[in-house]
Amino acid sequence: MKNLLNELSHLFFPNYCPVCGNKLLLSEEGVCLECLHKLPRTHNFNEPDNLAETLLAGRFPFERVATFCVYSKQGVLQPLIHQLKYNNKKEIGILLGKLFGKDLLGSDFIKTIDYIVPVPLHPKKQRKRGYNQAEMIAEGLSESTSIPVSTGNLVRVIHNPTQTKRTKTQRWENVKDIFDVAHPQLFAGKHILLVDDIITTGSTLEACAHALLQSRDVKISIATLGEVF
Ligand SMILES: [Zn+2]
């Protein structure tokens, strides 16, 4: 019955691929197969000292960094990230996370990870969007790798508006402290895979790592869907 309803709804309300605009087949979820094959994958999880690792080197201690695809304005990933962030298409995050997870499965990169931890969204933004896009990617990664997702321990701190009166240096101190770990002992001795949608300057990931390092003997690796350098 459910399948019949799916087929009927597909017949009357077909979904379109957000990249090429073609009608999606019933078997295609969110993106057409042709566009999925065109994704410019980096495969850099096999490549120590890749571009993302070079960007973050020396800023905080980490094990490895991997990105799924190259992100560019005219590229295949751009419309997908746009749908994920601004058009309520959380299934695109899950799908891309699953594909990334399949690439990582069995690799040294993923072998020692204990928890997948999405970068928390500002609570106001999350309420507006209805979900955290990084968490959708984390869920997809978890589906493929069977590594559990941890949410609620790495948290975003809500700021007091009077802090705008602070000096520039004080504000930078503030940015550094926008994340916190609620129960540092939960991550003690664990290897965390920190997940976000895109890495550009790396400052958000750096701020998250800063918070995670409160946990004793924690190890940090990073995975993002896109890289823009
Ligand atoms: Zn397409």
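Residues numbered from 1 in each chain as written. Predicted model: local features only at pLDDT ≥ 70, side-chain atom pairs only at ≥ 80, totals over all residues.

S.K.: Would you mind going over the pairing of strand β2 (residues 115-118) with me for this structure?
M.R.: Alternating residues of β2 divide into Tyr-115 and Val-117 and Ile-116 and Pro-118, and every residue in both groups is buried. Examined bridge by bridge, β2 and strand β5 (residues 191-199) share four bridges and lie parallel to one another. Note on β5: the bridge partner recorded for Val-117 is Leu-194. (Buried ≥ 20, exposed ≤ 12 C-beta atoms within 10 Å, placed from the backbone. Helix = DSSP H or I, 4+ residues; strand = E, 2+ residues; numbered from the N terminus. Pairing = 2+ DSSP bridges.)

S.K.: Help me understand the environment of Val-228 in this model?
M.R.: Note that Val-228 resides in the segment after β6 (219-227). Residue class for Val-228 comes out partly exposed when judged on the 16 C-beta atoms lying within 10 Å of it. Residue contacts for Val-228: discarding those within four places in its chain leaves Tyr-71, Ile-198 and Thr-200. (Contact = placed C-beta atoms within 7 Å.)

S.K.: Mind showing me how you'd approach helix α11 (residues 203-212) here?
M.R.: Since one α-helical turn is 3.6 residues long, residues separated by three or four positions face the same way. Looking at α11, one finds that the buried residues are Leu-205, Cys-208, Ala-209, Ala-211 and Leu-212. The buried residues of α11 occupy an angular sector of 160° when projected down its axis, which confines them to one face. Contact partners of the buried residues in α11: β3 (154-156), β4 (179-181), α10 (184-187), β5 and β6. (Arc of directions from axis to C-beta.)

S.K.: Looking at this model, I keep getting lost on the sheet that holds β5. Mind explaining?
M.R.: Within a sheet, neighbouring strands are paired by backbone hydrogen bonds and run either parallel or antiparallel to one another. What the four strands build is an open sheet, ordered β1-β6-β5-β2; its pairing is parallel. Only two strands of the sheet have a single neighbouring strand rather than two, namely β1 (65-70) and β2. Sheet twist, expressed as the mean angle between neighbouring strand axes with direction ignored, is 20°. With five bridges connecting them, β1 and β6 associate as parallel partners. Across the sheet, the residue bridging to Ala-66 is Ala-223, located in β6. (Axes fitted to C-alpha atoms, helices over the stretch in contact; angles between N-to-C directions.)

S.K.: Help me understand the nonpolar core in this model?
M.R.: Where a protein is soluble and globular, its nonpolar side chains tend to be buried together. Formed by 53 residues in total, the largest nonpolar core has its most connected members in Leu-96, Ile-192, Leu-194, Val-195 and Leu-212. Considering each element in turn, this core owes the most residues, seven residues, to helix α5 (residues 90-104). Both domains that furnish three or more residues to this core are identified here as domain 1 (1-38) and domain 2 (40-227). Setting aside anything within four residues of it in sequence, one finds Ile-192 in contact with Tyr-115, Val-117, Phe-187, Leu-212, Val-218, Lys-219 and Ile-220. (Core = buried A, V, L, I, M, F, W, Y, C linked by C-beta atoms within 7 Å. Domains from an automatic or database assignment.)

S.K.: Whenever I open this one, unusual backbone geometry confuses me. Can you help?
M.R.: Excluding glycine, most residues fall at negative phi; most peptide bonds, likewise, are trans. Positive phi, close to 65°, is recorded for Asn-88, a residue that is not glycine. Residue placement: Asn-88 occurs in the loop between α4 (77-86) and α5. Its 12 C-beta neighbours within 10 Å are what place Asn-88 among the exposed residues. In this structure, Ser-146 takes a positive phi of about 65° despite not being glycine. Examined against the element boundaries, Ser-146 turns out to sit in the loop between α8 (133-145) and β3.

S.K.: Would you mind going over the packing of α5 against α8 with me for this structure?
M.R.: Angle between the axes and distance between the axes are the two parameters that describe a pair of packed helices. With their axes 6 Å apart at the nearest point, α5 and α8 run at an angle of 40° to one another. Comparing the axis directions of α5 and α8 gives the class oblique. For the crossing formed where α5 meets α8, the hand is right-handed. Taken together, the residues of α8 that come into contact with α5 (itself represented by Lys-90, Gly-93, Ile-94, Leu-95, Leu-96, Gly-97, Lys-98, Phe-100, Gly-101, Lys-102 and Leu-104) are Gln-133, Met-136, Ile-137, Ala-138, Glu-139, Gly-140, Leu-141, Glu-143, Ser-144 and Thr-145. Taken together, the residues of the contact of α5 with α8 sort by class into nine nonpolar, seven polar and five charged. (Parallel < 35°, antiparallel > 145°, perpendicular 65-115°, else oblique. Left-handed = near helix turned anticlockwise from the far one by under 90°. Nonpolar A, V, L, I, M, F, W, Y, C, P; charged D, E, K, R; others polar.)

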